[in-house]
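# Structure at a glance
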Amino acid sequence: MESLPITIDSVSKSYGTYVALDDVSLDIQAGEFLTLLGPSGSGKTTLLMALAGFVRPDSGKLLLGDRDITRLAPNKRDIGIVFQNYALFPHMNVLANVAYPLALRKMPKAEARRRALDTLARVKLEGLSERNIAALSGGQRQRVALARAIVFEPRVMLMDEPLSALDKNLRETMQYEIRRLHDDLGITTIYVTHDQREALIMSDRIAVMNSGRIQQIDTPQRIYDRPSTRFVAEFMGEANIVAPGLVRRIDGADASRATLMIRAESFHLDEKLVGRDGIALEGTLRAKAFRGENWLLTLALDGGGQEVLVCIPAALASGCGELATGQRVTAYAPAAKVHPLPETIA
Amino acid sequence: MLEAYPDNRLSRIFLWGFSALVMAFLMLPTLVVVPLSFSASNLLEFPPRAYSLRWYETFFGSATWMAALRTSLILGTLTAMVAVPLGLLACISINRLGGKAAVTIQGVLLTPSIVPGILLAIGLFFVLAAQRLVGTLFGVLVGHVVLAIPVACIVLLPALARFDWNQVQAARSLGANWARAIGGIIVPQLHISLLSATLMAFLTSLDESVISIFISSGRNSTMPKLMFLSLRDQIDPTIAAISTLWTAIVVAVVLIVTLRRKS
Ligand SMILES: Nc1ncnc2c1ncn2[C@@H]1O[C@H](COP(=O)(O)OP(=O)(O)OP(=O)(O)O)[C@@H](O)[C@H]1O
Ligand SMILES: [Mg+2]
């Protein structure tokens, strides 16, 4: 099966005066796993539904391969969709749900049944084919929804927060399984979530959205380490945004003149763990909290009192227990982990 | 909350007694006709002095009455067959449209059930007269469908409001066009409401007399129209026999549907 690239070209959508999608452009490669990540209301579902054909863009184009699908009816797009609430058909059993797209395509009954059963086996639901939907657990429903979306070999898959209704353990298993399924089938996939860990774990690339706009599109590692805006930096984890004047180079050279982004876990308390080209931040300890695998320290920086979060792995933090609030602390970070925010470079 | 419904014997007896009274009040006018219909006398008298089936024989032996019965049953069936699909489609649009547009459409759609029947009948008469459709079965059907659509919508709208629309989108994404999504996903899940709507539409047509009096004529006269006419011309127990039969039909239809719904 050949999967197709997706091109989203300057797509905009407004509801009255509210702009849900603001000139969104995005290229997704054939076979890629791309995640749309963003806070609630950022337009993720709207973009996905535009691709599915349920939201008509006010302007812009959507291409599947080189075919313009902007105005194509949803039933002619051959896109597999997993809905957040699964949207299974309660009046059909598991097998009928999965065979439904095949029946619509007029596949002979016996072959449709065989294909549906194969797909159910693929998502580890052997033996449940005759069950009623009402008699399934949340995780099993999730798998039926997956099977139904892939059984007709769509060339693109869209998933809208498919795991948000599952508990944490199951969610982690399913993250792995969905990714494995994607790798087996090679279907171009757009996955929506507002969980940044999930996005980091699963994706080839992440597109971070906010207020109907794409803020940054990049690999998980670059999104995390090299965010291009303050929003992305803060959305992806415990980020410290520090004005250039508050930072001192360990070797005494001139520090950067851009605003810097340093993740809480990039800090060390031991100067020796950081190269000569690293930086140092000096302040007084405001608060400390033990979080199991690490300690979270809050420093108030000298010269203004800006607060900085410092996260020290418990294994390296033998001294943290003895630190008292009000004590002076210097936090060090290696140069590679100090990221000048592009948006602040004039 | 619970104190509002004291659970002692006295109040329960009172409740049962009161319910029985209400039932009697509602049912007696209907039931009083039943013995009348079996009377042997030429007059409507209660209680009858002797019993017979002669008025049923008169009814079944009358070509006019039989034609009217046929017309009414056909008309009821056609009304349900036309009004329920139209009502369903209208309700789907109202449900999907939302906002002011939906409220407006809903208002327009429900007016026939609020406007006095006589006004509707007069209006319809002129419209149909212009099309030379007065006196035709089709003319009466139009009138009955107009009345039955709001009835069907009142049943279907809340059912659709509870329906998970994502299922339709899922079906569409899996390759179903509109017709198949409605037929394969919505209809099977709303079948109970659709059955109720069909029944209500059928009964609306069966019961309707004003439009029938204005529009239907001759061979196309409906039962209610003929009943009114015969009451004006002569009062004999045939009308009681017909009423009894009519009640029996309606009760039977309602019973069948409610029992099916339970199972
Ligand atoms: N049919 C609609 N009419 C009016 N506004 C809408 C409509 N659909 C979406 N919106 C608005 O568009 C914005 C984006 O919605 P969208 O559902 O795409 O957000 P989202 O990123 O998927 O959020 P969530 O994470 O909560 O699912 C929201 O503010 C929403 O209120
Ligand atoms: Mg959403």
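Residues numbered from 1 in each chain as written. Chains lettered and ligands numbered in written order. Predicted model: local features only at pLDDT ≥ 70, side-chain atom pairs only at ≥ 80, totals over all residues. Heavy atoms only, no water.

Further remarks concern the overall build of chain A. A count of helices and strands for chain A gives 8 helices and 18 strands. Viewed in the frame of its principal axes, chain A has a C-alpha envelope of about 75 × 45 × 35 Å. In chain A, which comprises 346 residues, the share counted as buried stands at 50%. Measuring between centres, the 42 positive side-chain charges of chain A sit 5 Å from its 41 negative side-chain charges. (Helix = DSSP H or I, 4+ residues; strand = E, 2+ residues; numbered from the N terminus. Buried < 20%, exposed > 50% of the residue type's maximum accessible area, 1.4 Å probe, protein only. Lys, Arg positive; Asp, Glu negative; His and termini not counted. Charge placed at Lys NZ, Arg CZ, Asp CG, Glu CD.)

Right, let's get into the pattern of salt bridges. Residues and elements named next belong to chain A. Counting across every chain of the model gives 19 salt bridges over all chains. Arg 205 is the partner of Glu 32 in a salt bridge, and the nearest nitrogen-oxygen pair spans 2.4 Å. Of this pair, Glu 32 sits in the loop between β2 (18-28) and β3 (33-37) while Arg 205 sits in strand β9 (residues 205-210), and the two are 173 residues apart along the sequence. Take Glu 32 and Arg 205: they sit in the same class, and that class is buried. A salt bridge links Arg 248 to Glu 282, with the nearest nitrogen and oxygen atoms 2.8 Å apart. Placement of the pair is Arg 248 in strand β12 (residues 248-249) and Glu 282 in strand β14 (residues 279-290), with a sequence separation of 34 residues. What makes Arg 248 partly exposed here is its relative accessible area of 37%. (Salt bridge = Lys/Arg side-chain N within 4 Å of Asp/Glu carboxyl O.)

Attention now moves to the pairing of strand β7 (residues 156-160) of chain A. Residues and elements named next belong to chain A. Among the 5 residues of β7, 5 are classified as buried, and the element is accordingly described as predominantly covered. Side chains Val 156, Leu 158 and Asp 160 of β7 all project onto a buried face; the interleaved residues Met 157 and Met 159 project onto the opposite face, where all are buried too. Pairing analysis gives 4 bridges linking strand β6 (residues 79-82) to β7, with the strands arranged parallel. Among the inter-strand pairings, Gly 80 is bridged to a residue of β7, identified as Met 157. Bridge count for β7 against strand β8 (residues 188-193) is 5 bridges, and the pairing is parallel. Residue pairing for β8: Met 157 is matched across the bridge by Thr 189. Following the chain from β7 across helix α5 (residues 168-185) to the adjacent parallel β8, one finds a crossover that is right-handed. (Pairing = 2+ DSSP bridges. Right-handed = clockwise from strand over helix to strand, strands pointing away.)

So, on to the sheet that holds β2(A). All names here are of chain A. Read across the open sheet, the 4 strands follow the order β2-β1-β4-β5; overall the sheet is antiparallel. Each end of this open sheet is capped by a strand with a single partner; those strands are β2 and β5 (67-68). Across the face of the sheet, helix α1 (residues 44-52) comes into contact with β1 (6-15), β2 and β4 (59-64) while running at roughly 115° to β1. (Contact = heavy atoms within 4.5 Å. Axes fitted to C-alpha atoms, helices over the stretch in contact; angles between N-to-C directions.)

Residues and elements named next belong to chain A. What surrounds ligand 1 is a group of 13 residues, the closest being Ser 40, Gly 41, Lys 44, Thr 45 and Thr 46. One nitrogen or oxygen atom from the side chain of Tyr 18 is found 3.0 Å from an oxygen atom belonging to ligand 1. Between ligand 1 and Glu 161 there is a distance of 3.2 Å, counted from an oxygen atom to a side-chain nitrogen or oxygen. Against a free-state accessible area of 640 Å², the protein chains account for coverage of 60% of ligand 1. Among the secondary structure elements, those contributing two or more residues to the shell around ligand 1 are β2 and α1. The element that contributes the greatest number of residues to the shell around ligand 1 is α1, accounting for 3 residues. A breakdown of the residues in the shell around ligand 1 according to their chemical character gives 4 nonpolar, 7 polar and 2 charged. (Near = heavy atom within 4 Å. Polar contact = N/O pair within 3.5 Å; in protein donor to acceptor, adjacent residues only side chain to side chain. Areas by Shrake-Rupley, 256 points an atom, 1.4 Å probe, with all protein chains shown as cover. Nonpolar A, V, L, I, M, F, W, Y, C, P; charged D, E, K, R; others polar.)

Let us look at the side chain of Thr238(B). Looking at the secondary structure, you find Thr238(B) in helix α13 (residues 238-262). Among all residues touching Thr238(B), those that are not within four sequence positions of it are Trp55(B), Thr58(B), Phe59(B) and Trp65(B).

What follows deals with the side chain of Arg148(A). By the secondary structure assignment, Arg148(A) is in helix α4 (residues 138-150). This buried residue, Arg148(A), is left without a salt bridge; Asp164(B) holds the nearest opposite charge, at 8.3 Å. In this structure the side chain of Arg148(A) is engaged in a polar contact, spanning 3.2 Å, whose partner is the backbone oxygen of Tyr86(A). One polar contact links the side chain of Arg148(A) to the main-chain carbonyl oxygen of Ala87(A), over a distance of 2.9 Å. With residues up to four places along the chain from it excluded, the contact list for Arg148(A) reads Tyr86(A), Ala87(A), Leu88(A), Phe89(A), Asn97(A), Val98(A), Pro101(A), Ala170(B) and Leu174(B).

A few words on the domain arrangement of chain A. All names here are of chain A. Here chain A is described as being made up of domain 1 (6-235) and domain 2 (239-344). Domain 1 and domain 2 are separated by 39 Å when their C-alpha centres are compared. Facing the 11 residues of domain 1 at the interface are 11 residues of domain 2. Across the domain 1 to domain 2 interface the summed buried area is about 970 Å²; carbon plus sulfur atoms make up 47%. A per-residue breakdown of the area domain 1 buries against domain 2 is headed by Tyr 224, Arg 226 and Arg 230, which together make up 47% of the total. (Domains from an automatic or database assignment. Buried area = accessible area lost by both parts, 1.4 Å probe.)

The subject of this paragraph is the interface of chain A and chain B. Taken residue by residue, the interface counts 21 residues in chain A and 17 residues in chain B. For the pair chain A and chain B, the summed buried area comes to about 1700 Å², and 60% of that belongs to carbon and sulfur atoms. It is Asn75(A), His91(A) and Leu104(A) in chain A that bury the most area against chain B; as a group they hold 31% of the surface buried on that side. The interface formed by chain A and chain B includes 0 salt bridges. The interface formed by chain A and chain B includes 6 residue pairs in polar contact (both at pLDDT 80 or more). Elements supplying a minimum of two residues to the side of chain A that touches chain B: β6 and α2 (94-104) of chain A. The biggest single contributor to the side of chain A that touches chain B is α2(A), with 3 residues. Of the residues contributing to the side of chain A that touches chain B, the split by class is 15 nonpolar, 3 polar and 3 charged.

Residues and elements named next belong to chain B. A contiguous nonpolar patch, built from Phe 14, Phe 18, Val 22, Met 23, Phe 25, Leu 26, Met 27, Leu 28 and Leu 31 and spanning about 990 Å² of accessible area, is present on the exposed surface. Tracing the backbone through its elements, the reader meets Phe 14 in helix α1 (residues 9-31). Its relative accessible area of 59% is what places Phe 14 among the exposed residues. (Patch = residues over 30% accessible without salt bridge, like charges linked within 9 Å, V, L, I, M, F, W, Y side chains within 5 Å.)

What follows concerns the environment of Gln29(A). Among the structural elements, Gln29(A) can be located in the loop between β2 and β3. Separated by 93 residues in the primary sequence, Gln29(A) and Arg122(A) have C-alpha atoms spaced 25 Å apart.

Geometry of a packed helix pair, given as the angle between the helix axes and the separation of the axes. Residues and elements named next belong to chain B. At their nearest, the axes of helix α4 (residues 63-97) and helix α10 (residues 191-207) sit 8 Å apart, and the two run at 135° to each other. Judged on the interaxial angle alone, α10 and α4 are oblique. In the packing of α4 onto α10, the handedness of the crossing is right-handed. In this structure, α4 uses Ser 72, Leu 73, Leu 75, Gly 76, Thr 77, Thr 79, Ala 80, Val 84 and Leu 88 to contact α10, whose residues at the interface are Leu 194, Ala 197, Thr 198, Ala 201, Phe 202, Ser 205 and Leu 206. In the contact of α4 with α10, the residues fall into 10 nonpolar, 6 polar and no charged. (Parallel < 35°, antiparallel > 145°, perpendicular 65-115°, else oblique. Left-handed = near helix turned anticlockwise from the far one by under 90°.)

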